[in-house]
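# Geometric and topological summary
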Amino acid sequence: MAPARRGWRPAIPAAVVGASLSVCAGLAFAAGGGITPPDPPEVTDVVCISTCGGVHKATTDSKVQVSGRHLRHVSTVLFTADQGGRIAVDPVAVTSQLVTAKVPEGAATGRPKVTDSYDNSARSPTALKIVEPDQIQSGSFKLRDASAKPRRTYYYGQRKPRVSYMFTNSEPTKVRIDVVKRGSGTVVDSWVEQAQEPNTRQTAKWNGIRPGTKKPVPNGRYKFRVGPQSGSMESTTDARFEYHRFKFPIRGGHTYGDGIGAARSGHTHQGQDIFARCGAPLVAARGGRVQWKAYHASAGYYLVIDGRGTGHDYAYMHLKKRSRLHEGERVRTGQRIGQVGESGNATGCHLHMEEWTAPGWYEGGHFMRAITKHLKKWDRWS
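These notes cover the structure that comes with them.

### Describing the pattern of salt bridges
If you walk through the whole model with that rule in mind, you get eight salt bridges. Here E234 makes a salt bridge to K142, at a shortest N to O gap of 3.9 Å. Here E234 is found in the loop between β19 (220-228) and β20 (240-244), whereas its partner K142 is found in strand β13 (residues 142-149), with 92 residues between them in sequence. Residue classification places E234 among the partly exposed residues on the basis of a relative accessible area of 24%. Residue class for K142 comes out partly exposed when judged on its relative accessible area of 47%. For D306, the salt bridge identified is with R289, shortest N-O distance 3.7 Å. With D306 in strand β25 (residues 300-307) and R289 in strand β24 (residues 288-296), this pair connects stretches of sequence that are 17 residues apart.

### Examining the sheet that holds strand β16 (residues 173-181)
An order of β14-β20-β19-β16-β17 is seen for the five strands of this open sheet, with the pairing classed as mixed. Both outer strands of the open sheet, β14 (152-154) and β17 (187-196), are each paired with one neighbouring strand and no more. Ignoring strand direction, the axes of neighbouring strands in this sheet form an average angle of 30°.

### Brief notes about the state of the cysteines
Counting across every chain of the model gives two disulfides. C48 shares a disulfide with C52; S-S distance 2.1 Å. Taking the sign of the torsion about the S-S bond as the criterion, the disulfide between C48 and C52, at about -90°, is left-handed. Pair check on accessibility: C48 and C52 agree, each one buried. Residue pairing for C278: its cysteine sulfur links by disulfide to C349, the two sulfurs lying 1.6 Å apart. Between C278 and C349, the S-S torsion sits near 70°, and that sign places the bridge as right-handed. Of this pair, C278 sits in the loop between β22 (272-275) and β23 (281-283) while C349 sits in the loop between β28 (336-339) and β29 (350-356); the two residues are 71 residues apart in sequence, bridging distant segments of the chain.

Calculation criteria
Residues numbered from 1 in each chain as written. Predicted model: local features only at pLDDT ≥ 70, side-chain atom pairs only at ≥ 80, totals over all residues. Heavy atoms only, no water. Salt bridge = Lys/Arg side-chain N within 4 Å of Asp/Glu carboxyl O. Helix = DSSP H or I, 4+ residues; strand = E, 2+ residues; numbered from the N terminus. Buried < 20%, exposed > 50% of the residue type's maximum accessible area, 1.4 Å probe, protein only. Pairing = 2+ DSSP bridges. Axes fitted to C-alpha atoms, helices over the stretch in contact; angles between N-to-C directions. Disulfide = S-S within 2.5 Å.

Below you can see the structure in the form of structure tokens.
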């Protein structure tokens with residue numbers, strides 16, 4: 001389907017020939033024999049997770065987490081020594097994205113470094129401040145309860161993930177909040193709320209963005225962990241939530257129809273059809289900006305949204321009636337954008353949805369065959 005719009009020109013198909021190489025984690029055997037070493041480690045942050053004076057403040061025997069990529073083969077963590085040089089310790093735990101280690105006696109403030117068995121190394125871009133044990137207060141902080149709402153949240157959604165908590169203490173307290181990926185235990189974000197009053201309901205919101213970037217964290221199950229800036233962190237089962245980058249667009253029962261490449265007269269079917277009752281609510285799978293809103297004899301009432309942070313455009317066709325949104329208007333993930341219909345050249349009420357690569361829909365991009373896979377993936381958690 002190639003609906004007309006102001007300034008529309010037919011897209012010129014281009015043949016794209018590509019080859020993909022699947023690289024297994026760990027060691028791979030080279031074609032000519034021998035072994036190809038794994039990718040060198042990359043470090044994005046180091047945070048204290050036990051016996052802490054703050055997010056980046058620790059003492060002897062504190063546990064710290066080094067996060068990043070390609071960390072599975074890390075064999076040594078090196079801390080700056082107070083007498084110069086470095087002190088090497090074995091990790092307590094290692095995964096592909098996380099290395100946990102204890103701060104050794106004699107460590108000093110600096111940027112920890114990790115090395116693997118192939119002599120690859122990486123240093124944390126963030127310094128870890130080492131203080132005396134008496135500077136880390138145990139205090140009388142006690143978390144009474146903590147809960148997360150909503151339990152399922154979305155990037156650039158209508159409601160940000162938030163934690164509501166209450167604690168007891170003898171005085172106002174700087175409260176540290178961690179966002180932890182369940183399963184791996186990775187701390188994906190951490191911050192401090194200043195001078196929080198005890199025995200009072202407090203609330204904090206999280207934007208779902210990786211620190212230092214504009215990109216959302218991966219899809220998955222998370223939890224909030226709460227504690228004093230100096231001391232131990234606590235959590236509850238009520239503080240768990242899910243976070244996803246996309247939301248399935250049809251809010252109601254549905255079935256899948258024709259996909260890309262289905263037989264059509266005079267053109268290639270460029271999207272995925274999803275059948276649902278007429279008038280079923282339709283929401284933005286990814287928030288962004290309304291790029292086009294129009295009517296076409298084939299597409300019926302349709303809407304194109306420039307997906308925030310993706311470079312992709314998402315087209316929604318055969319709407320029941322013209323969307324109330326306006327071109328240029330900002331839309332949140334999960335926000336209502338219209339209703340399922342059968343306007344235009346359609347048989348039965350359904351959504352025809354297309355996903356286009358950058359620079360966009362009929363602006364030099366091309367439709368993506370992965371739209372069906374994407375929709376079914378979003379369907380699983382929405």
